[in-house]
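# Inside the fold
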Amino acid sequence: MNTVAMQTAKHTEHTHSNRIGSLSAQAESLFIPMLRQRAKQHGIMQLATAVNKAPTVLRNELNPNSPEHKLGFETVIKICSAMNDTSLIRLWASELGLVLFEPPAKKLVDDKELVVCMSGFSKEVGDVAGAIHTALDDFKITTTEVLTIKNEATEAIQSLWQLIHRIEELAE
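This text gives an overview of the structure that appears in the document. Since the structure is predicted, the reported quantities are computational estimates derived from the model, not experimental observations.

## Brief notes about the nonpolar core
Among the nonpolar cores identified, the biggest contains 15 residues, and Leu-35, Leu-58 and Ile-79 are the most heavily contacted of them. Sorting the residues of this core by element identifies helix H2 (31-42), helix H3 (44-50), helix H4 (55-62), helix H5 (73-83) and helix H6 (87-95) as the ones contributing at least two each. It is H5 that provides the largest number of residues to this core, a total of 4 residues. Those residues in contact with Leu-58 that sit more than four places away from it in its chain are Ile-44, Leu-47, Ala-48, Val-51, Thr-75 and Ile-79.

As structure tokens, then:
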């Protein structure tokens, strides 16, 4: 690994660990409680089969009062996959200050769809500006307003990436 790559890797690792640390300092994660709730709604028996675990083992791993049982990342991914639900992974990423999105399925893009993507992106950027404008009305920004701005910014980023994917599909 060259020097630049090593410095970049160290910076990325340091930035990532700071994000995780800031999460625990700000608020408790919603990820595990939401995963637990969705898993129960989906059905522990069905999920246990999908992740190749006994139902009692999976129940224990999802139980917050059972600290001796640990829920592994690989199991979380398998659970989300079995539920066909990526919203929990996006929630986890958001708590770390990251944005994940699902690229649209590849298909032929017509002019109308490209215009819709472009106008959708413009709308989302406007929503970010509107949230900032509203937050600054009283010259004080609350934590709720910060969350609103972050949510609007996340939607704008997701919309931009959808536009970029559509443009990539037009490339010859």
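Now that the structure has been shown, we can carry on.
## Things to note about unusual backbone geometry
In this structure, Asn-84 takes a positive phi of about 55 degrees despite not being glycine. Along the chain, Asn-84 falls in the loop between H5 and H6.

## Some thoughts on H5
Taken as a whole, H5 has its buried residues at Thr-75, Val-76, Ile-79, Cys-80 and Met-83. An end-on view of H5 places all buried positions within 135 degrees of arc, on one side of the element. H5 presents Glu-74 and Ser-81 as exposed residues on the side facing more than 90 degrees away from its buried surface. Considering only its buried residues, H5 is in contact with H2, H3, H4 and H6. Just downstream of H5 lies Asn-84, where phi reads positive at about 55 degrees.

## A short note on the packing of helix H7 (residues 111-136) against helix H8 (residues 143-170)
For the pair H7 and H8, interaxial distance at closest approach is 9 Å and the crossing angle is 165 degrees. Relative to H8, H7 is oriented roughly antiparallel. Considering only the axes of H7 and H8, their crossing is left-handed. Its residues placed into classes, the contact of H7 with H8 shows 16 nonpolar, 4 polar and 7 charged.

Criteria and cut-off values
- Residues numbered from 1 in each chain as written.
- Predicted model: local features only at pLDDT ≥ 70, side-chain atom pairs only at ≥ 80, totals over all residues.
- Heavy atoms only, no water.
- Core = buried A, V, L, I, M, F, W, Y, C linked by side-chain atoms within 4.5 Å.
- Buried < 20%, exposed > 50% of the residue type's maximum accessible area, 1.4 Å probe, protein only.
- Helix = DSSP H or I, 4+ residues; strand = E, 2+ residues; numbered from the N terminus.
- Contact = heavy atoms within 4.5 Å.
- Arc of directions from axis to C-beta.
- Axes fitted to C-alpha atoms, helices over the stretch in contact; angles between N-to-C directions.
- Parallel < 35°, antiparallel > 145°, perpendicular 65-115°, else oblique.
- Left-handed = near helix turned anticlockwise from the far one by under 90°.
- Nonpolar A, V, L, I, M, F, W, Y, C, P; charged D, E, K, R; others polar.

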